[in-house]
Number of protein chains: 2
Amino acid sequence: MDVARSEVLEIGTSVACRSCQARHGVVCGALSAGQLIELGRHSLRRKVDAGCEIIAQGSENSFYSNIMRGVVKLCKVMPDGRQQIVGLQFAPDFVGRPFVRESTLSAEAATDAEICVFPRNLLERMILETRELQRSLHAQALIELDAAREWMLTLGRRTAEEKVASLLHLIAAHAETATATSTAFDLSLSRAEIADFLGLTIETVSRQLTRLRKSGVIRIENIRHITVPDMDALAKKISG
Amino acid sequence: MDVARSEVLEIGTSVACRSCQARHGVVCGALSAGQLIELGRHSLRRKVDAGCEIIAQGSENSFYSNIMRGVVKLCKVMPDGRQQIVGLQFAPDFVGRPFVRESTLSAEAATDAEICVFPRNLLERMILETRELQRSLHAQALIELDAAREWMLTLGRRTAEEKVASLLHLIAAHAETATATSTAFDLSLSRAEIADFLGLTIETVSRQLTRLRKSGVIRIENIRHITVPDMDALAKKISG
DNA sequence: ATGAAGACTTGATCTGGATCAAATCGCAAT
DNA sequence: ATTGCGATTTGATCCAGATCAAGTCTTCAT
């Protein structure tokens, strides 16, 4: 499971990019052409399996990644094992924490994913040198901050049913397969992961999903695939 | 109560700085000398009373502030009145959301405070022009993001007693009056505000505070002033 | 001083979600 | 097909924290 991770850790600035030049633009949409080439020379495209830990909580922030495909969950665990997912990242988000040596959270692939990896010193040097890169990372940090605060409201003040509806809404917003009203998507997360995102137990998540199914708001095509016939009906379940 | 706010809203780029030059360095410690002068010419020092709303949720982000003294709470409210505090800001933090027109949260003085106010267009222009300002705002955004995620763990996975202990620890960390082991501080927040920060009710907050008092971890000098004889004992209450 | 209105504490009871305990459902290996 | 195992659902019970209901303590106006 951790093979991919140990390979990643061996990367240095002198490692050549293997195969990603062609699709770099997808990942780094906010960067200028010059930066793409610069990153391309020193980065490495990697496939990681679902469950693979990209960054470990408490480890050194020795490299950074761009997500090219898949979903990455950011996770905090307490000494006694209690666990909270504190963010979900989708392509083309950036994963890593500039300017801090030790990671306060772990990043783990929630689905099979592809990431573009490059070393810490390169990123931090480029942030200092390149206005546009700093600006896009600043913008992403502010967007993640808004998302984290929105989630604080969900964790602190919403009921279990509202929490589950909020998560479905969040994931649906990132799905491609949407018609005018209806949306279908992969959940990307197990019941246990959903529980850790929502501050609930797996039993409560399961019960609330069947509740939403019985009320006609969602259809559970199979254990990881959901259809929302009417997004407005789902949205109504979120607030009072 | 809202007098100060309406005054603030009239500020434009041409308003002269009244009396803050002397103490600008305190607020904008991360900025270079040139920026201090630049901000000084266009900013306005204001005193705001406890309870005064600095920014309203849903309103336009028409100005930004630096906190010079006091505590500011960031708050989200739901249509049905449920409410969650999503951040506490202390001097010399920056309050405001660059690059977004409408505010998704309100900012309210939790204590009497002094802030240094300047207009949106000035700040956004300066971010684009000044490397060091962008860098320091990017750094603050990342620190706030770490804090928000730490708080997500507290909201999602900690018990009521651990939540209250976490908040006391957070506020104590910003108090000046600390000896080697013991710390005394003003709470800055009412029981209702503490409840809204922790996702609890005021009754539960009150009960947990007396619990911590009876177990000897804190002394309640009066309703808003706490002494922690031993910070390590408080820290032990936070995790398992 | 006296009274009135908030803010806080304390007690009694209720309840949403946790915990404990079986099923049941995949699904991969044989 | 059968077995085994982990993931999920479902049911029964429990409990931490919510809700309801009095008090008490502060503060401030008269």
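Residues numbered from 1 in each chain as written. Chains lettered and ligands numbered in written order. Predicted model: local features only at pLDDT ≥ 70, side-chain atom pairs only at ≥ 80, totals over all residues. Heavy atoms only, no water.

J.: Please explain the packing of helix 5 (residues 131–157) of chain B against helix 6 (residues 160–173) of chain B as it appears in this structure.
T.: Helix packing for two helices is described by the angle between their axes and how far apart those axes are. Residue and element names in this part refer to chain B. The geometry of helix 5 relative to helix 6 is characterised by a closest axis approach of 9 Å and an angle of 155° between their N-to-C directions. Regarding the angle of helix 5 to helix 6, the classification is roughly antiparallel. In this structure, helix 5 meets helix 6 at a crossing whose hand is left-handed. On helix 6, the residues touching Trp151, Thr154, Leu155 and Arg157 of helix 5 are Glu162, Lys163, Ser166, Leu167 and Leu170. Its residues assigned to classes, the contact of helix 5 with helix 6 comprises four nonpolar, two polar and three charged. (Axes fitted to C-alpha atoms, helices over the stretch in contact; angles between N-to-C directions. Helix = DSSP H or I, 4+ residues; strand = E, 2+ residues; numbered from the N terminus. Parallel < 35°, antiparallel > 145°, perpendicular 65-115°, else oblique. Left-handed = near helix turned anticlockwise from the far one by under 90°. Contact = heavy atoms within 4.5 Å. Nonpolar A, V, L, I, M, F, W, Y, C, P; charged D, E, K, R; others polar.)

J.: I would appreciate a short explanation of the protein's contact with DNA strand C in the present structure.
T.: The environment of DNA strand C is formed by 15 residues, the closest being Thr204 of chain A together with Arg191, Ser206, Thr210 and Ile223 of chain B. When atoms of DNA strand C within 4 Å of the protein are split into backbone and base, the sugar-phosphate part holds 66%. The contact in question runs from a phosphate oxygen of DNA strand C to an N or O atom on the side chain of Thr201 of chain A, over 3.1 Å. For the surface near DNA strand C, the secondary-structure elements that each account for two or more residues are helix 8 (202–214) of chain A together with helix 8 (202–214) of chain B. Of all the elements, helix 8 of chain B adds the most residues to the surface near DNA strand C, at four residues. Partitioning the surface near DNA strand C into residue classes produces three nonpolar, seven polar and five charged. (Near = heavy atom within 4 Å. Polar contact = N/O pair within 3.5 Å; in protein donor to acceptor, adjacent residues only side chain to side chain.)

J.: I would appreciate a short explanation of the protein's contact with DNA strand D in the present structure.
T.: With respect to spatial proximity, 15 residues lie near DNA strand D, and among them Arg191, Ser206 and Ile223 of chain A together with Ala160 and Thr204 of chain B are the closest. Near the protein, within 4 Å, the atoms of DNA strand D are sugar or phosphate in 65% of cases. Here a phosphate oxygen of DNA strand D sits 2.4 Å away from a polar atom, N or O, in the side chain of Thr204 of chain B.

J.: For this particular structure, what's the right way to read the pairing of strand 1 (residues 44–48) of chain B?
T.: Put simply, side chains in a regular strand alternate between the two faces of the sheet. Residue and element names in this part refer to chain B. Taking burial as the measure, the five residues of strand 1 include four buried ones, the bulk of the element. Where strand 1 lies against strand 8 (residues 113–119), five bridges are found, and the strand directions are antiparallel. Directly across from Arg46, in strand 8, lies its bridge partner Ile115. (Buried < 20%, exposed > 50% of the residue type's maximum accessible area, 1.4 Å probe, protein only. Pairing = 2+ DSSP bridges.)

J.: How should the interface of chain A and chain B be read in this particular structure?
T.: Quoted interface sizes are often the accessible area lost when the parts come together. Between chain A and chain B, the contact holds 50 residues from the first and 51 residues from the second. Two residues, Arg97 of chain B and Asp146 of chain A, come together in a salt bridge whose shortest N-O distance is 2.9 Å. Across the contact surface, chain A and chain B share 26 residue pairs in polar contact (both at pLDDT 80 or more). Elements supplying a minimum of two residues to the side of chain A that touches chain B: strand 4 (71–77), strand 5 (83–90), helix 4 (120–129), helix 5 (131–157) and helix 7 (191–198) of chain A. Examining the composition of the side of chain A that touches chain B, we find that 20 residues originate from one element, helix 5 of chain A, more than from any other. Split by residue class, the side of chain A that touches chain B holds 23 nonpolar, 12 polar and 15 charged. (Salt bridge = Lys/Arg side-chain N within 4 Å of Asp/Glu carboxyl O.)

J.: Sorry, what's going on with the packing of aromatic side chains here?
T.: One pair of aromatic rings is described through two measures. These are the centre distance and the angle between the planes. A complete count under the given rule lists four aromatic pairs over all chains for this structure. A ring pair is formed by Trp151 of chain A and Phe197 of chain A, whose centres lie 4.5 Å apart and whose planes are at 25°; its orientation type is stacked. You can see Trp151 of chain A sitting in helix 5 and its partner Phe197 of chain A sitting in helix 7, a full 46 residues away along the chain. Phe197 of chain A carries the same exposure label as Trp151 of chain A, and that label is buried. Judged by centre distance (5.7 Å) and plane angle (20°), the ring pair of Tyr64 of chain B and Phe94 of chain B falls under stacked. In this pair, Tyr64 of chain B sits in strand 3 (residues 63–69) while Phe94 of chain B sits in strand 6 (residues 94–95), placing the two residues 30 residues apart along the sequence. (Phe/Tyr/Trp six-rings, centres within 6.5 Å; stacked < 30°, edge-to-face > 60°.)

J.: Quick question: what am I supposed to make of helix 5 of chain B here?
T.: Side chains of residues three or four places apart in an α-helix project in the same direction, reflecting 3.6 residues per turn. Counted at 1.5 Å a residue, the expected span for helix 5 of chain B with its 27 residues is 39 Å, and the 39 Å between its end C-alpha atoms agrees. Along helix 5 of chain B, 19 of the 27 residues are buried, which leaves the element largely enclosed by surrounding structure. (Expected span 1.5 Å × (residues − 1).)

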